[in-house]
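In case you want the letters, here they are:
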Amino acid sequence: MAADESVFLRAKDRSYKGLTEDEQKEWSGPFYFIQAADPQLGLMKAWRIGDCDSGGDEWDEEVQLTKQAVQAINKLQPKPRFIVLCGDLVHAMPGSPFREQQIKDLKDALRGTDPDIPLVFVSGNHDLGNAPTPDTVEQFCHEWGDDYFSFWHIPLFLRTPDEEDDYFNLQRGIRELLIQRFKRAGVKAVFSGHYHRNAGGCHDGLDMVVSSAVGCQLGDDTHGVRVVVVTENNIIHRYHSLDQLSERGMDEDLKKLLL
C-alpha cells in the first residue's frame, strides 16, 4: 500500500494536526475514536459451509461491509481522532492460499478512508498465526505498520474475570496477571474483538469491552463498529450498526459529550 502509507499511524510519526506526541499527552478536551474489529476477509463463506480451517475462497461480502464502514465513518462530524482496527484483518493464516489477495483487497477497501483520520492496526491470531514467529510479526509490520502498540487482541474475559478458559479468552493465569497490572497502571478500559459478538463486563473499575465484527457475525449482533468517547473523567462507548452509522451517524447523546 505504498501509495497510501500516510493513512497508517506509524511509531516514527505520531503527530496529529501539528501536535507532537508529547503535546498530545496534555489534556485538551473530549474526543472520540472508532473501534472496529474482525473484517476477517474470507470467514463468512467458510463459516456458512462449515470449513473454517480453510482460508476462505470468497470474500466479496466482507469487502463491501468494510467499504460501508469506511463511507459511514468518513461522513461523521466531527471526525474521529483515529480508527483502531482490531484483527483478525483477514481469515487466511500466514502461508495459506488466498492470504495475499485478501490483504490486497482489504487495503483497497480501506484506501477510501479520509486521510485526516489515522488508521491503527492491531493484529489478531489469523494475522500472526496461533503461534506467532519473528517472520509472521515482520510480515505484519511490512503489510500494516509497526507493532509498536502493546495491545492483546484476544479479550481478557468475555463476561467475568473468573470464567473458565476458552478459545475466545485469555488463559486464566495470564488474564489475572494482566488485570492486576492494568489496575496498578490506572487502566480504565480494554477493547478487543475476536469474539464476533458484543460481550464484556466491568471488574473493579476495569471495563472489558468486546466488540462484534465488521465482517462475519457468530451471534445475534449486526455488522458494526464501536464509537468511543473520551472525556476528562470517563470513557463512554456504544456499538453502532453500519446501517445506523450510515443513515444517522453517531448517537446525539454521545455527540453532545464532545461539546
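Quantities reported herein were computed from a predicted structural model and do not represent experimental measurements. (Residues numbered from 1 in each chain as written. Predicted model: local features only at pLDDT ≥ 70, side-chain atom pairs only at ≥ 80, totals over all residues. Heavy atoms only, no water.)

### Side note on the side chain of N198
Moving on, step 1. Summarising the element assignment, N198 is placed in the loop between strand 4 (189–192) and strand 5 (199–203).
Moving on, step 2. Ignoring anything within four residues of it in the chain, the contact list for N198 reads R159, V210, S211, S212, D221, R226 and Y239. (Helix = DSSP H or I, 4+ residues; strand = E, 2+ residues; numbered from the N terminus. Contact = heavy atoms within 4.5 Å.)

### Points about the packing of helix 4 (residues 99–110) against helix 6 (residues 134–144)
Moving on, step 1. Contact geometry for helix 4 and helix 6: axes closest at 12 Å, N-to-C directions at 30 degrees. Relative to helix 6, the element helix 4 is oriented roughly parallel. Crossing hand, helix 4 versus helix 6: right-handed. Two secondary-structure elements touch here, helix 4 through R99, I103, L106, K107 and L110 and helix 6 through Q139, E143 and W144.
Moving on, step 2. Residue composition of the contact of helix 4 with helix 6, grouped by class: four nonpolar, one polar and three charged. (Axes fitted to C-alpha atoms, helices over the stretch in contact; angles between N-to-C directions. Parallel < 35°, antiparallel > 145°, perpendicular 65-115°, else oblique. Left-handed = near helix turned anticlockwise from the far one by under 90°. Nonpolar A, V, L, I, M, F, W, Y, C, P; charged D, E, K, R; others polar.)

### Regarding the sheet that holds strand 5
Pairing between sheet strands relies on hydrogen bonds along the backbone, with the strands arranged either parallel or antiparallel.
Moving on, step 1. Read from one edge to the other, the open sheet built from three strands follows the order 4-6-5, with strand pairing classed as mixed. Either end of the sheet is taken by a strand with one partner, and the two such strands are strand 4 and strand 5. Direction aside, neighbouring strands of the sheet carry axes that sit 5 degrees apart on average.
Moving on, step 2. By the bridge criterion, four bridges tie strand 4 to strand 6 (residues 206–210) in an arrangement that is parallel. By the bridge assignment, A189 is partnered in strand 6 with D207. (Pairing = 2+ DSSP bridges.)

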